[in-house]
Amino acid sequence: MNKAISHDRQEETLQAKARWFQNLPMKDRADLLCQFTDIILEVNPKIVERKNAQPVAGRIRIVSKA
């Protein structure tokens, strides 16, 4: 994992973030998934009790392969 600090706005794009994520080893991707899951469960522990997912109103962001 690259631990360098950058202040370049080009590294803030969705495509740059997707490239960063794709360059991670599978173990690091799995660790991030576990961390995100832990955060979600801390914020809303009852989420596991939901049986039917409902669509969220608002914008949908689609990331395309460049």
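Above this text sits the structure in question.
Overview of the structure. Quick caveat: nothing in here was measured; it's all calculated off a predicted structure.

### A word on the overall build of the protein
- Counting its secondary structure elements, the protein contains two helices and zero strands.
- Taking 66 residues into account, the globule formula puts the C-alpha radius of gyration at 11 Å, and the protein, at 16 Å, lies well above it.
- Dimensions of the protein along its principal axes, counting C-alpha atoms only, are 40 × 30 × 20 Å.
- The burial tally for the protein puts 6% of its 66 residues in the buried class.

### Quick notes on a nonpolar patch on the surface
- A surface patch of nonpolar side chains, amounting to about 320 Å² of accessible area, comprises I40, L41, I47 and V48.
- Topologically, I47 is positioned in the segment after α2 (26-43).
- For I47, a relative accessible area of 32% puts it in the partly exposed group.

### Quick notes on the pattern of salt bridges
- The final tally for this structure, using the stated rule, is one salt bridge.
- For the salt bridge of D31 with K27, the shortest nitrogen-to-oxygen distance reads 3.0 Å. Taken together, the positions of D31 and K27, both in helix α2 and four residues apart, correspond to about one turn of that helix.
- For D31, a relative accessible area of 32% puts it in the partly exposed group.

The rules behind the values
- Residues numbered from 1 in each chain as written.
- Predicted model: local features only at pLDDT ≥ 70, side-chain atom pairs only at ≥ 80, totals over all residues.
- Heavy atoms only, no water.
- Helix = DSSP H or I, 4+ residues; strand = E, 2+ residues; numbered from the N terminus.
- Rg over C-alpha atoms; globule rule 2.2 N^0.38 Å.
- Buried < 20%, exposed > 50% of the residue type's maximum accessible area, 1.4 Å probe, protein only.
- Patch = residues over 30% accessible without salt bridge, like charges linked within 9 Å, V, L, I, M, F, W, Y side chains within 5 Å.
- Areas by Shrake-Rupley, 256 points an atom, 1.4 Å probe, with all protein chains shown as cover.
- Salt bridge = Lys/Arg side-chain N within 4 Å of Asp/Glu carboxyl O.

All quantities given are derived from atomic positions and should not be read as evidence of function.
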